[in-house]
Amino acid sequence: MSSINLHTHSVFSDGTLSPRDILKKARLAAVEFFSLTDHDSIDGWINQEYSLGYGLKIARGVEINTSFHDNLHILGYGIDTENKNLRLKLTEYRSRRIQRVKKIVAALKEIGIDISLEDLSIKDSISYGRPHIADFLIKKKIIRNRKEAFQKYLGYEKPAYIPSIGPSIEETIKVIKDAGGYAVLAHPGAVKNLINMEEFKEMGLDGVEAFYPSHSGGTIRYFIETAKKLSLFVTAGTDYHGMGSGRDSLSGFDIEESLMGKLRERFL
Ligand code: AMP
Ligand code: MN
Ligand code: MN
Ligand code: MN
């Protein structure tokens, strides 16, 4: 058994800690296999000596939100972070995120919540999303936490909901694989009724994140079985976003390393 957590976010997207601080915490939490998977950003991997000093086995990762559905996200692991096409595409996806944030700000205005883009002090180096808007609403005391922001305003089909303008599932898998990575379906429990795993396999999917905090035992078993049938590997991740984010568990899942199949070769 090994402690595995391959799904975390830093300040390069919507997490609250630096990559280095997450690593320190992961080590304290006795995580053995680790990945940082910022939304549409690999900047947390650049110029960092990640494999040194922390004693963790690390695979370089990213999480890409598709336009297929609010919760249809694909994780990429073992990617070449110098890959030109990957970097170009992620830059494009981040600029689309800013377009979306502008639309959300306009939708909030419609319902009487007046914030401006300047309030959010947007920087090119960060991958923006709804949590950044939520954090600003918390600062303004309009809501208490990110969860409330999603329940009241920003979540799927709520008054200020604007659909993702990310890439298609097909493009996402291709971008990851062309950069030498493996493509893994994130939090499949959240999209269970919308997807056909066989179609995914045909599109080139390599693995599925069966172990995820909100998955029941039944959901975990279902995805392990499905993965076996389709020769997909299995991963585990907590979707850590830092203290106060509502997604603040960094402890890994204790599972058999062999479930990760060929992904094991990608850890440094
Ligand atoms: P976006 O990237 O703009 O589509 O926003 C999605 C992100 O919002 C997810 O990656 C989570 O970090 C966060 N999120 C989604 N739903 C919730 C929720 N109910 N409570 C807290 N954070 C959430
Ligand atoms: Mn997030
Ligand atoms: Mn996700
Ligand atoms: Mn995530």
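As shown above, the structure is provided for reference.
Residues numbered from 1 in each chain as written. Chains lettered and ligands numbered in written order. Predicted model: local features only at pLDDT ≥ 70, side-chain atom pairs only at ≥ 80, totals over all residues. Heavy atoms only, no water.

Okay, the pattern of salt bridges next. Tallying each qualifying case throughout the model produces 17 salt bridges. Of the charged contacts, one joins glutamate 148 and lysine 152 as a salt bridge, the two residues approaching to 2.9 Å between their closest N and O atoms. Of this pair, glutamate 148 and lysine 152 both sit in helix α4 (residues 146-154), four residues apart, which is roughly one turn of the helix. Lysine 262 serves as the salt-bridge partner of aspartate 206, at 3.2 Å between the closest nitrogen and oxygen. Taken as a pair, aspartate 206 in the loop between α6 (197-203) and β7 (207-211) and lysine 262 in the segment after β9 (253-255) lie far apart in primary sequence, 56 residues in all. (Salt bridge = Lys/Arg side-chain N within 4 Å of Asp/Glu carboxyl O. Helix = DSSP H or I, 4+ residues; strand = E, 2+ residues; numbered from the N terminus.)

Looking at the manganese ion (ligand 2), the protein donor atoms are Asp14 (OD), His39 (NE2) and His241 (NE2), and they sit 2.1 to 2.2 Å from it. Between consecutive donors of the manganese ion (ligand 2), the numbers of intervening residues give the motif D-x24-H-x201-H. A separation of 5.8 Å is found between the manganese ion (ligand 2) and the manganese ion (ligand 3). Taken as a pair, aspartate 14 in the loop between β1 (2-5) and α1 (19-28) and histidine 39 in the loop between β2 (33-34) and β3 (57-58) lie far apart in primary sequence, 25 residues in all. As far as the burial class goes, aspartate 14 and histidine 39 line up, both buried. (Donors = N, O, S within 2.8 Å, 3.2 Å for Na, K, Ca; no water. Buried < 20%, exposed > 50% of the residue type's maximum accessible area, 1.4 Å probe, protein only.)

The biggest cluster of nonpolar side chains holds 59 residues, and the ones touching the most others in it are Phe34, Ile74, Leu185, Met197, Phe200 and Leu205. Residues in contact with methionine 197, not counting those within four places in the same chain, are Leu185, Leu205, Val208, Phe223, Thr226, Leu230 and Leu232. Judged by nonpolar contacts, the second largest core, of 21 residues, contains Ile104, Ala107, Ile133 and Phe136. (Core = buried A, V, L, I, M, F, W, Y, C linked by side-chain atoms within 4.5 Å. Contact = heavy atoms within 4.5 Å.)

Looking along a regular strand, one sees the side chains alternate between the two faces of the sheet. In terms of burial, strand β4 (residues 61-65) is a largely internal element, five of the five residues being buried. With burial as the criterion, each face of β4 is covered, one bearing Gly61, Glu63 and Asn65 and the other bearing Val62 and Ile64.

On to the pairing of strand β6 (residues 182-185). Burial along β6 is two-sided: Tyr182 and Val184 facing one way and Ala183 and Leu185 facing the other are all buried. Strand direction decides the pairing type here: strand β5 (residues 73-77) and β6, joined by four bridges, are antiparallel. What sits directly across from isoleucine 74, in β6, is leucine 185. The pairing of β6 with β7 spans two bridges and is parallel. Among the inter-strand pairings, leucine 185 is bridged to a residue of β7, identified as valine 208. (Pairing = 2+ DSSP bridges.)

Right, let's get into the sheet that holds β7. Read across the open sheet, the five strands follow the order β4-β5-β6-β7-β8; overall the sheet is mixed. Whereas interior strands pair on both sides, the edge strands pair on one side only; in this sheet they are β4 and β8 (233-236). Across the sheet, the mean angle from the axis of one strand to that of its neighbour is 35 degrees, orientation sign disregarded. Across the face of the sheet, helix α5 (residues 169-178) comes into contact with β4, β5 and β6 while running at roughly 10 degrees to β5. (Axes fitted to C-alpha atoms, helices over the stretch in contact; angles between N-to-C directions.)

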